[in-house]
Amino acid sequence: MPGTRFTDIRRFASVDSTNRYLLDEARAGAPDGVVAVAEHQSAGRGRLGRRWEAPRGTNLLVSVLLRPDLPSDLRYLASAVVALAAAEAAEEVAGVHLGVKWPNDLLAPDGRKVAGVLAEADLAEPEPDGGELLPPIVVGIGINVNWPAGDADLPEELVGTATSLRRLADRPVDCGAVLAALLEALEPRAADLGNPPGRLRQGGDLRSACLTVGTPVRVELADQVFEGTATDVTAEGHLLVETGGQTRSVVAGDVVHLRPRD
Ligand code: BT5
């Protein structure tokens, strides 16, 4: 993409996972800004070992390698900027308004999921060049561009929970145009990660786009489930949830929106 750091775009007819590919490239010393995009993934991954579904050639499956100069407690911002850039691209290319579900899904106004983000870092791995490169974060996003066209396309477990830009815009949408718009929108946001005012700006944008704030939620932790109302996202990206007269800070876990925000 001219005028951005994303000039090295590697395209695959098929790959196991664009995230896996870029993590290996990062270990071998690939620089900030490399992009991997696939028509098909044989082992597309979600969070916590889950799978990401997309029939061949229908949707955008893309990962970017970032090496931001970012304090470790603010690394969540790397996935936030990709989610925010994807929302901008959806608006620009398809005229569709998406919101962010904490920590980083993109939802349609009816609450169905249009995109999911998976950020993976390999902090333990030493750089082969002796540490001149900043530590890598690979941020992958799957955007339902043309699939599903309707509920009949979906496996049973995704009926009523997944939708696509095509369905929302009521017309086919060009995956290449979404990718170009995403990378263009991502450039200034990625640049913001490297300085404190920029990080504040991106954290603020995330809070404004976050549909979870103000919504009744069920929080599913590894060892516990509780319900409450999400009240804010902290500067470190934690979700604050008011429950039983106290405020709990959720660092990681699955959050279910019990109903859309009024
Ligand atoms: C995510 O995980 O939402 C992160 C998905 C990241 C996928 C991208 S594609 C490019 C890059 N390369 C990869 O290998 N991965 C990234 P999570 O929050 O765990 O959601 C996964 C769950 O969403 C699944 O268990 C399904 O229930 C549901 N799901 C799977 N495919 C879906 C789809 N296309 N649309 C909506 N929901 C889906």
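A brief report on the enclosed structure follows. (Residues numbered from 1 in each chain as written. Predicted model: local features only at pLDDT ≥ 70, side-chain atom pairs only at ≥ 80, totals over all residues. Heavy atoms only, no water.)

### A short note on the sheet that holds strand β11 (residues 246–250)
Strands in a sheet are paired, the pairing made by backbone hydrogen bonds, and the direction either parallel or antiparallel.
Here's step 1: In space, the 5 strands of this open sheet follow the order β11-β10-β9-β8-β12, with antiparallel pairing throughout. With partners counted over all chains shown, the strands left at the sheet margins are β11 and β12 (254–257), one partner each. Taken pair by pair, the neighbouring strands of this sheet meet at an average axis angle of 45°, ignoring direction.
Here's step 2: Of the pairings in the sheet, the one linking strand β10 (residues 239–243) to β11 comprises 5 bridges and is antiparallel in character. Bridge pairing in β11 links Val241 to Arg248. (Pairing = 2+ DSSP bridges. Helix = DSSP H or I, 4+ residues; strand = E, 2+ residues; numbered from the N terminus. Axes fitted to C-alpha atoms, helices over the stretch in contact; angles between N-to-C directions.)

### What about the site of the ligand?
Here's step 1: With respect to spatial proximity, 27 residues lie near the ligand, and among them Ser17, Arg45, Arg50, Glu53 and Lys113 are the closest.
Here's step 2: Within the side chain of Ser17, a nitrogen or oxygen atom sits 2.7 Å from an oxygen atom of the ligand.
Here's step 3: Taking Arg47, its main chain carries an N or O atom lying 2.9 Å from an oxygen atom of the ligand.
Here's step 4: When the ligand sits alone it has 790 Å² of accessible area, and the protein chains cover 91% of it.
Here's step 5: Residue assignment for the shell around the ligand shows that the elements contributing at least two residues are α1 (18–27), β3 (60–66), β6 (113–121) and β7 (137–143).
Here's step 6: It is β6 that contributes the most residues to the shell around the ligand, 4 residues altogether. (Near = heavy atom within 4 Å. Polar contact = N/O pair within 3.5 Å; in protein donor to acceptor, adjacent residues only side chain to side chain. Areas by Shrake-Rupley, 256 points an atom, 1.4 Å probe, with all protein chains shown as cover.)

### Focus on the packing of aromatic side chains
Here's step 1: Across all of its chains, the model carries 1 aromatic pair by this definition.
Here's step 2: Arranged with centres 4.7 Å apart and planes meeting at 65°, the rings of Phe12 and Tyr21 form a pair that is edge-to-face.
Here's step 3: Of note, Arg248 hangs over the ring of Phe226, and the distance from its end group to the ring centre comes to 4.1 Å. (Phe/Tyr/Trp six-rings, centres within 6.5 Å; stacked < 30°, edge-to-face > 60°. Lys NZ or Arg CZ within 6 Å of the ring centre and 35° of its normal.)

### Quick word on the packing of helix α2 (residues 76–94) against helix α4 (residues 175–192)
When two helices pack together, you describe them by how their axes are tilted relative to each other and by the distance separating the axes.
Here's step 1: Where α2 contacts α4, the two axes come as close as 8 Å, and the packing angle between them is 135°. Compared by their axis directions, α2 and α4 come out oblique. The interaxial crossing formed by α2 with α4 has right-handed handedness. Facing Val81, Val82, Leu84, Ala85, Ala86, Glu88, Ala89, Glu92 and Val93 of α2, the residues of α4 in contact are Ala177, Val178, Ala181, Leu182, Ala185, Leu186 and Arg189.
Here's step 2: Counted by class, the contact of α2 with α4 contains 13 nonpolar, no polar and 3 charged residues. (Parallel < 35°, antiparallel > 145°, perpendicular 65-115°, else oblique. Left-handed = near helix turned anticlockwise from the far one by under 90°. Contact = heavy atoms within 4.5 Å. Nonpolar A, V, L, I, M, F, W, Y, C, P; charged D, E, K, R; others polar.)

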